[in-house]
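Structure assessment
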Amino acid sequence: MSSPTSFASLNLIPELLRAVEDQGYTEPSPIQAQAIPAILARLDIMGCAQTGTGKTASFTLPLLQLLAPNASSSPSPARHPVRALVLVPTRELAAQVEQSIRTYSKHLPLRVAVVYGGIDIKPQIKALQAGVEIVVATPGRLLDHLEGKSINLSQVQILVFDEADRMLDMGFMPAITRILAVLPPMRQNLLFSATFSEEIKRLASQFMRNPTMIEVARRNAPAELVTHQAYEVDSARKHALLAHLIQSRNMQQALIFVRMKRDADRLTRQLIKDGLSATAIHGDRTQGERTLALDEFKTGKIKFLVATDVAARGIDIDQLPIVINYELPNTPEDYVHRIGRTGRAGTPGEAISLVSPDEKEYLAGIEKLLKREIPRLTAPEFDAETRASARSSPSGAARTSGTARKSIETSERSDSGNRSARTRSAATGVGGNEPDSTTRHPPSRDDKDANRMRPRRQFDAPAPHTSRLPTPGGDFDFSKPYESKVKTPAENEAAAATSAALAASKLPRGKHPKPTAALFRRSVQTKTDEQN
C-alpha cells in the first residue's frame, strides 16, 4: 500500500492542516502516514520508528482530532475534563511533548497542562483545577496529584506512552500499575518508541486490546544518516583523546554522554579548564538548571553539553552534528537513543565512541543489535605525541603533550580542590554548588523512582572478631558445662578458721579482737551505769 503524499490525504480536519502548514510541513513521515489513520480508527497502536522521524506528531495530530468534537470555549472547569493522558519518562520530554500539543492545537479550543517533578506543585494544581482536556505527565508527579486529589482521570479516553520501553521498564511499573488502576477500562492505548524488546511487547499485551504493531524501520535501528566511529583507548587517556579530537576537528557543538552523574560534573570541569564552554545535565540538577543548560546548548551559547542518559530520551536538538559516547551505555538500546539526537529530519550526523578495554563487551552488544561492525579509527597525531612524551620521560611512563597534557594536569588540580570542598561542605552541611535563580524543592517521586534504579554501592563485610575476652578467674573453658562448686559445712568451718587465724596474724601485738559476746555485755553494763 502506497503511503499518502500529503497531510490532506490523511483526512485531518482543517484546523490541524492549518497548524501543520504553519510549521512548514508538507509531507507526512512514514510513521505519521501509517499511525495517523490507525489511531483515527480508534485502534490500539504500538509504533516503532527511528528517532527523529516525527513520532510525537504521529500521535498528537490524531489525538487532537478525536478530542475536537468535545472541545469547548466555556470557562467552566466542568466543561474541560481530562480526556487524554500522555505519560513520558523525563521532565525534558514532558515539556517537549506539551509544546508540540500546543503548537498543533492553536486553532482548537482545547487545553493542555504538563506536570512533572522538580518544581513547585502549586501552579500545576491551579492549572488542573481550571480544567484541561490533555495532561502530559511523568508517573511520579502524577501520583502526587492523584494522592492530593487535584486531578480526576475517570473520563480519560486515550492513554499515550511516549518512549514506551522506558515507561514499561520494571523500575516504573509500580507507578504505572497504580495509574492504570484509576483509569477507565475502556480506552484507547498508544505506545510509541524507537526501541521495543520482546519482553516489553509481552508486557504491553497485558493491558492493550489486540494492539497493532507499526514498524516503519527495522526494530531498534538507528538513523541511517548517522556515521558510526569508535576509538579504542585506555580509560586514563580518554579525556586527553577527547581534547585532541575537539581541537583537531575544530568541533563547534557536540553532545557528550557519560554513565554517572559525578563523571558528568568531572568531565565538565575538565573541559572548562581546557578553555571550552561546557555544562552538564543530569538528575541531580534542578529543573531550572536542566532547562537553562538545554536552552544555552540549543542556542549555541554553550558548545559542549555533557549528559547522562536522562537527556537521551526525546530531546530534539536541531541539526546537532556530533554525539560522543565518552562512556558506552550498559545496554545497546540506550546507544540507539543516544545517537538518535543527531541525524534527525534528514540531516546527517556523526556518532563517536571512546572505548576502553573494559567496554569492549558493551561495544560487541551494540554491534550485535545494529547488525553491523562499527569502524575502529586511530588518531595518529595523538598517538605520536604520546609515544614521543613516553620516550622523553626519564621514568619511561607514557605522558601526553600539548592540550592533552594540560587537560590532565588541570583536571587533577580541579578534582583535588573539589574533593576538599566536598569535605568541608559535608562537615558544615553546606552544598558546594552556587545557588541559582530557581527555588530548590524537595525531591519528587520521579527522583525517588530514579534513585531506586541506581546500582547500590558495594561494601566489604568486616572480618569476624576472634579475640578471646579476659576473664577474672583466668582462662575458662567455655566448651565444658558449668559446674557449681558448693562447699560442705566442714569446709566452710575450716575456711572461716583459716581466715580468722590469717587476720589475727596480721594485727599488731596486743590488738587481738575480743569476742562479740564480751563486747555486747560491756555495752549493756555501760548503759545501766548511766541510767543509775
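Report on the accompanying structure. Keep in mind it's a predicted model, so treat the numbers as computed, not measured. (Residues numbered from 1 in each chain as written. Predicted model: local features only at pLDDT ≥ 70, side-chain atom pairs only at ≥ 80, totals over all residues. Heavy atoms only, no water.)

**Structural notes on the pattern of salt bridges**
A full pass over the atoms with the stated rule returns 16 salt bridges. Here E92 ties to R290 by a salt bridge, and the two come within 2.7 Å at their closest N and O atoms. On the criterion of sequence distance, the pair formed by E92 in helix α4 (residues 91–104) and R290 in helix α12 (residues 287–299) is long-range, its members being 198 residues apart. The same class applies to E92 and to R290, which are both buried. With its nearest N and O atoms 3.0 Å apart, the salt bridge here joins R178 to E147. Residue R178 is found in helix α8 (residues 173–182), and its partner E147 is found in helix α6 (residues 139–147); the two are separated by 31 residues along the sequence. Exposure remark for R178: the relative accessible area of 40% places this residue in the partly exposed category. (Salt bridge = Lys/Arg side-chain N within 4 Å of Asp/Glu carboxyl O. Helix = DSSP H or I, 4+ residues; strand = E, 2+ residues; numbered from the N terminus. Buried < 20%, exposed > 50% of the residue type's maximum accessible area, 1.4 Å probe, protein only.)

**Focus on the sheet that holds strand β2 (residues 84–87)**
Hydrogen bonds between backbone groups are what pair the strands of a sheet, and the pairing can be parallel or antiparallel. If you walk across this open sheet you meet the seven strands as β3-β4-β2-β5-β6-β1-β7, and the pairing is parallel. With partners counted over all chains shown, the strands left at the sheet margins are β3 (112–115) and β7 (212–215), one partner each. Neighbouring strand axes in the sheet, compared pairwise and without regard to direction, differ in orientation by 15 degrees on average. (Pairing = 2+ DSSP bridges. Axes fitted to C-alpha atoms, helices over the stretch in contact; angles between N-to-C directions.)

**Side note on the packing of helix α13 (residues 332–339) against helix α14 (residues 360–370)**
The interhelical angle for the contact between α13 and α14, taken along N-to-C directions, is 75 degrees, at an axis separation of 8 Å. Classed by the angle they form, the pair α13 and α14 counts as roughly perpendicular. Contact residues: α13 offers P332, E333, Y335 and V336, while α14 offers G365, I366, L369 and L370. Residues belonging to the contact of α13 with α14 are distributed by class as follows: six nonpolar, one polar and one charged. (Parallel < 35°, antiparallel > 145°, perpendicular 65-115°, else oblique. Contact = heavy atoms within 4.5 Å. Nonpolar A, V, L, I, M, F, W, Y, C, P; charged D, E, K, R; others polar.)

**Some words on the pairing of strand β9 (residues 254–257)**
Neither face of β9 is left uncovered, since the one carrying A254 and I256 and the one carrying L255 and F257 both have all their residues buried. Pairing of β9 with strand β11 (residues 304–307), which is carried by four bridges, proceeds in the parallel orientation. Among the inter-strand pairings, A254 is bridged to a residue of β11, identified as F304. Of the pairings in the sheet, the one linking β9 to strand β12 (residues 322–325) comprises three bridges and is parallel in character. The partner of I256 across the bridge, within β12, is I324.

**Quick notes on the pairing of strand β10 (residues 278–281)**
Side-chain alternation along β10 places A278 and A280 on one buried face and T279 and I281 on a second face that is also buried. Sheet analysis places β10 next to β11, joined by four bridges and oriented parallel. Following the sheet pairing, A278 is matched in β11 by F304. At this point the chain moves from β10, through α12, to the parallel β11, and the crossover so formed is right-handed. (Right-handed = clockwise from strand over helix to strand, strands pointing away.)

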